[in-house]
Amino acid sequence: MEVGCGSGYVITSLAIMLRQLGSGTQYLATDINQHAVETTQATLEAHGVHADVIATDIVSGLEKRLAGMVDVVVVNPPYVPTPEEEIGMKGIASSWAGGLNGRQVIDRILPAVRELLSEKGCLYMIALEDNDPLGICHLMNEKGFASRVLLKRCTDEESLYVLKFWQDAAAGANASQSGRSPRAESWLSQLPFKSFWHKNTGSS
C-alpha cells in the first residue's frame, strides 16, 4: 500500500518488483488529489500492473476494513517545512508542504498507518532531517514499533532518510526506560548510512 501516491511511480515499481509473488498479492494506493489518482492509474496501466487507487485523505474510510491487514506500507509524505496555510492547497505545492517542521502531515499519517499494519507488517517512510527522524523513531518506539534508518541521501540542499518501522513488543518498554538520551542521538549519527540516489539524480 502506498499513502500519497502522487505520480504512481512507487506503487507501480513495487507491483513490478513483487510480481513474482503471484496473483494473491493485492496493491492499494491513496491520494487526496484526484489528478494524482488518475495519474497513478495511468502509470499502472502503462506498465501492465494493477492496484486499487482511491481518492481519500490518507486512509480515511479504510481504517476498519483494513485494520491489521496490510503487510507493507510505503510513504513519501509532504515533509518540507512550510507555513501551515500551504498544507492541502491546490496545485503541486501540496505534494511537499509539511507545515511546522515538515511534520504536520507526517504526524497524521503515522497513527493512521499503525492501525493498518499486520502483525508482521512494515512501514517504509521518507523523512527530511528537519523532520527530526530520531524523534519520529522515538515516537513510534513508544507505540510498540521498532525502527531503523535504512538509507540516507545527502545533497547541498537537504538530507533525506528512509525509515523502516515494524511491530516489536519490547519497543515500548525500551522507549520508556531509555528516553531520548544523548546516547540515542549518538547511536543515530553513527549508523553506517549508505547514500542512495546521486546528487544530480531526480527522486521519485
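Residues numbered from 1 in each chain as written. Predicted model: local features only at pLDDT ≥ 70, side-chain atom pairs only at ≥ 80, totals over all residues. Heavy atoms only, no water.

- Within an unreviewed UniProt entry, the label attached to the protein reads Methyltransferase small domain-containing protein, and the organism entered is Aegilops tauschii subsp. strangulata.
- Under the UniProt heading Subcellular location (unreviewed entry), the note attached to the protein is "Nucleus".
- The UniProt entry for the protein carries the following comment under Sequence similarities (unreviewed entry): "Belongs to the eukaryotic/archaeal PrmC-related family." (UniProt positions renumbered as here; feature names shortened; annotations may be inferred.)

With respect to the overall build of the protein
Link 1 in the chain: The helix and strand inventory of the protein stands at 7 helices and 7 strands.
Link 2 in the chain: When the elements of the protein are put in sequence order from the N terminus, they spell out β-α-β-α-β-α-β-α-β-α-β-β-α-α.
Link 3 in the chain: Considering the protein as a whole, with its 204 residues, one finds that 42% of them fall into the buried category.
Link 4 in the chain: Of the contacts made within the protein by residues no fewer than 6 positions apart, 69% connect residues no fewer than 24 positions apart. (Helix = DSSP H or I, 4+ residues; strand = E, 2+ residues; numbered from the N terminus. Buried < 20%, exposed > 50% of the residue type's maximum accessible area, 1.4 Å probe, protein only. Contact = heavy atoms within 4.5 Å.)

Some thoughts on the pattern of salt bridges
Link 1 in the chain: Across all of its chains, the model carries 2 salt bridges by this definition.
Link 2 in the chain: The salt bridge involving Arg108 is made with Asp57; its shortest N-O contact spans 2.7 Å. Residue Arg108 is found in helix 4 (residues 106-116), and its partner Asp57 is found in the loop between strand 3 (52-55) and helix 3 (63-66); the two are separated by 51 residues along the sequence.
Link 3 in the chain: When its relative accessible area of 43% is taken as the criterion, Arg108 is described as partly exposed.
Link 4 in the chain: The partly exposed category is assigned to Asp57, whose relative accessible area is 30%.
Link 5 in the chain: The shortest N-O distance in the salt bridge between Arg103 and Asp107 comes to 3.0 Å.
Link 6 in the chain: Its relative accessible area of 14% is what places Arg103 among the buried residues.
Link 7 in the chain: What makes Asp107 partly exposed here is its relative accessible area of 36%. (Salt bridge = Lys/Arg side-chain N within 4 Å of Asp/Glu carboxyl O.)

Some points on helix 1 (residues 9-17)
Link 1 in the chain: Considered for burial, the residues of helix 1 that qualify are Ile11, Thr12, Leu14 and Ala15. Taken down its axis, helix 1 places every buried residue within 160° of arc, on the same side.
Link 2 in the chain: Contact partners of the buried residues in helix 1: strand 1 (2-3), strand 2 (28-31) and helix 2 (34-46). (Arc of directions from axis to C-beta.)

Here we look at the pairing of strand 6 (residues 145-154)
Where a strand is regular, its side chains alternate between the two sheet faces.
Link 1 in the chain: Relative to strand 7 (residues 159-167), strand 6 runs antiparallel, the two being bridged by 9 bridges. Paired with Arg148 across the bridge in strand 7 is Lys164.
Link 2 in the chain: As consecutive antiparallel partners, strand 6 and strand 7 are separated by 4 residues. (Pairing = 2+ DSSP bridges.)

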